[in-house]
Structures are given as structure tokens and as C-alpha cells.
Amino acid sequence: MTLNTAPTASAVRHLAPAAHTKRRKGSSPYPYWFYLPAAVIYTALFLVPTFASFFFSFTRWNLTEFTFIGLDNFVQFFQEPALLKGLTNTFIYGLVTSSLKVVLGMLLAVLLTSRIIARGYLRSVIFFPVLLSSIGVGIVFTVLMDPRNGMINEALATVGIKGPAWLTDPAWALLSVALVDVWKGVGLATVIYIAGIVSIPREYFEAAKMDGASSVKSFFNITLPLARPATATVIILSLIGGLRSFDLIWAMTKGGPGFTSDVIASVIYKQYQAGFYGLSTAGNVVLFLIVTAIILPLSMFLNRKEVEQ
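About the thresholds
- Residues numbered from 1 in each chain as written.
- Predicted model: local features only at pLDDT ≥ 70, side-chain atom pairs only at ≥ 80, totals over all residues.
- Heavy atoms only, no water.
- Helix = DSSP H or I, 4+ residues; strand = E, 2+ residues; numbered from the N terminus.
- Buried < 20%, exposed > 50% of the residue type's maximum accessible area, 1.4 Å probe, protein only.
- Contact = heavy atoms within 4.5 Å.
- Areas by Shrake-Rupley, 256 points an atom, 1.4 Å probe, with all protein chains shown as cover.
- Phe/Tyr/Trp six-rings, centres within 6.5 Å; stacked < 30°, edge-to-face > 60°.
- pLDDT = per-residue confidence, 0-100.
- Expected span 1.5 Å × (residues − 1).
- Polar contact = N/O pair within 3.5 Å; in protein donor to acceptor, adjacent residues only side chain to side chain.
- Patch = residues over 30% accessible without salt bridge, like charges linked within 9 Å, V, L, I, M, F, W, Y side chains within 5 Å.
- Salt bridge = Lys/Arg side-chain N within 4 Å of Asp/Glu carboxyl O.

For the rest of this paragraph, the subject is the overall build of the protein. For the protein, the count of helices and strands is 14 helices and two strands. Within the span of the protein, comprising 309 residues, buried residues form 34% of the whole. Intrachain contacts of the protein at a sequence separation of at least 6 include 67% that bridge at least 24 residues. Carbon and sulfur atoms provide 69% of the accessible area of the protein, an area that totals close to 19500 Å².

Here we take up the packing of aromatic side chains. Evaluation of the coordinates by the stated rule reveals 19 aromatic pairs. When the ring of Phe 58 is compared with that of Phe 74, the centres are 5.4 Å apart and the planes differ by 50°; the resulting orientation is tilted. Of this pair, Phe 58 sits in the loop between helix H2 (36–56) and strand S1 (59–61) while Phe 74 is found in helix H3 (residues 72–78), placing the two residues 16 residues apart along the sequence. Within the aromatic cluster, the residues linked to one another by ring pairs are Phe 55, Phe 56, Trp 61, Phe 66, Phe 246, Trp 250, Tyr 269, Tyr 272 and Tyr 277.

With that settled, consider the confidence of the model for the protein. Across the protein, the average pLDDT comes to 87, with 89% of residues at 70 or higher. Within the protein, helix H1 (residues 9–26) has the poorest average pLDDT of any element, 46, and helix H8 (residues 173–198) the best, 95. When the criterion is pLDDT under 50, residues 1–23 qualifies, and its contacts beyond four places in sequence or with other chains add up to one contact.

Attention now goes to helix H11 (residues 228–243). Every α-helix carries 3.6 residues per turn, so stepping three or four residues along brings you back to the same face. With 16 residues, H11 extends 22 Å from end C-alpha to end C-alpha; this agrees with the ideal 22 Å at 1.5 Å per step. Buried within H11 we find Ala 230, Thr 231, Ala 232, Val 234, Ile 236, Ser 238, Leu 239, Gly 242 and Leu 243.

Our focus in this paragraph is unusual backbone geometry. Cis geometry marks the peptide bond from Gly 256 to Pro 257, where omega comes out at -5°. Of note, Pro 257 is situated in the loop between helix H12 (247–252) and helix H13 (264–273). Residue Ala 118 is not a glycine yet carries a positive backbone phi of 60°. Take Ala 118: its relative accessible area is 41%, and that puts it in the partly exposed class. Non-glycine residue Lys 254 carries a positive phi angle of around 55°. Inspection of the secondary structure puts Lys 254 in the loop between H12 and H13.

Turning next to the side chain of Ser 238. Within the element layout of this structure, Ser 238 appears in helix H11. Within polar-contact distance, the side chain of Ser 238 engages the backbone oxygen of Ile 235 at 3.3 Å. The contacts of Ser 238, once residues within four sequence positions are left out, are Ser 98 and Lys 101.

By the element assignment, Lys 101 lies in helix H4 (residues 83–112). Since its relative accessible area comes to 11%, Lys 101 is described here as buried.

Taken together, the side chains of Leu 100, Val 103, Leu 104, Leu 107, Trp 172, Leu 175 and Leu 179 present a nonpolar region at the surface, about 550 Å² in accessible area. Secondary-structure elements contributing two or more residues to the nonpolar patch are H4 and H8. Here the element with the most residues in the nonpolar patch is H4; it accounts for four residues. Position of Leu 179 relative to the elements: it lies in helix H8.

Listed below in C-alpha cells is the structure:
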């Protein structure tokens, strides 16, 4: 006697809707209405202000009325005397801060993932400046960098070094703010690198050690290549922050002395202070387009290199 194990036609008809339902639910783990709150917040806080900025950049406006004037704001913005200096400083500032954050963040992450005493405490110390207010940091370092009574120059004087006029010398002002920016932001880069390094399988390092590879060779042949996703993230985030930087620069130098530490964001803010709201809005649109034009292809390039690996 044999048992007929083939499913009956009624059983197939009964199971088919369930399989179809399972496949349909597999396309998304949540119902679509779960995404509605995030979509509303994204629309209200990003899409609406973005499109409003593009619209008002073509107008002369105040808090009660506006007049459409076409491209006049953009023409006037590009005729701004301080624009060229601000644009140059923006690129210098973004390049210096992002480069130092990448290098120092990687080195600190390697140190803080090794077997050292008080590793957890040191991680907290490195990350702590990220939590501080940029305005507060700027005010504190303005005092510390005072050329006459600042603690930094006094410390240098004890070892026979005459410190520069950090924030009042045109040759030092922008670089001084950039160094403070790196001090404040390198903790975030370090945390990202730590996450990337600890995700690397330990077997790679153990195999390299058994083959007699030194720590330096392990760093260049294992850590650096396999931490590429973290490097891409740090580059993108720090470069965006550098190109958009304003609050720390304004708190420490207000773009001075003269226009020597002006960046695009500070030029825009000065126009806003003078009551040229449409002009400053056009400047914000220009800054948005500049950052997008730099970050978008860079992000695509870094992600493509990551896929090729």
C-alpha cells in the first residue's frame, strides 16, 4: 500500500495566496504608512525650505512682501568684492580640515583599538569636543590664542618660541580657525574609523603576524584597504562640514582681519545682516550648488572604488 503525497488541487489553490502574500511582503519589511512620519518630517524640514530658497533667490523680499527680479541677485552676488577671497578660503578651509581629520582620525583610531591602558577613557576624551558648542569653543580659543596674554603663546614662550598673532595676523587667521575645527571634529572621524577597524576580522591580523609582517605592513596592507568605507564616510562628512563652515569662523574672527578669513558662508551672513535678504538667499543657493557639485561626484567615485575592491 502506497501513500499519495502529491498535493491536491484544492491544497494548491489554498497555498497559492499565502505564497503570493509572502512574496509581496518581502519587498518591504514594514507597511508603507510606516514611512509617512519620516516623509512628512523630510518634506517639512528639507524639501520645502530648499524649494522656497530657490524661489526667493529670484526675488527681492522682506518679512512681509517680495518682488520677482529674475537673476539680478545672482549677478550682484558674483560681483561681490569679497566673493573671490571667500571662495578661495572656503576651498582651502575645507581641504585642510578634511585632510587633517582623515589622517589624525585614522591614527587615533589605530591607537585606540590597540591594547593600551585606559582605552575606553581615552576614547571618551577624544570624542568629548564633538559635543561642545562651536560658539563656545570659538570664544574659549579666542582667549587662548590671544597674542599677548593667551595661554598658548605663554606656553610657547616657556620653551623659547615666540608665538604668532594667531587670529589677527592675516597669514595665520584662517589656519588657526581650521586647526581649532580639527581639534573639535576629529573625535567623530576617530569614532567612525574605530567602527571600521573593529569590523575587520581578527584572523587577517593573526595570519599577517604569523607570516612575520610588522605592524606597519599590517596597517598598510590590511587596516588601510579594509577601512576604505570608513575613509569614504569621513572624507564626505568632513568636506561637507568644511565647505559649509560658518559658526566657528564667525565666533573667532568674523571673517577678519579684513577679509582674510572670510568664507562663502560669512559673506552670505554679512549680506543678510545688511538687509539684503534676496541676495543672501541667492548666495545660499550658490553655496548649495557648489557643495553638491563637489560632493556628489566625489561620493560616486569613492563608492565606485569601494565596489571595485
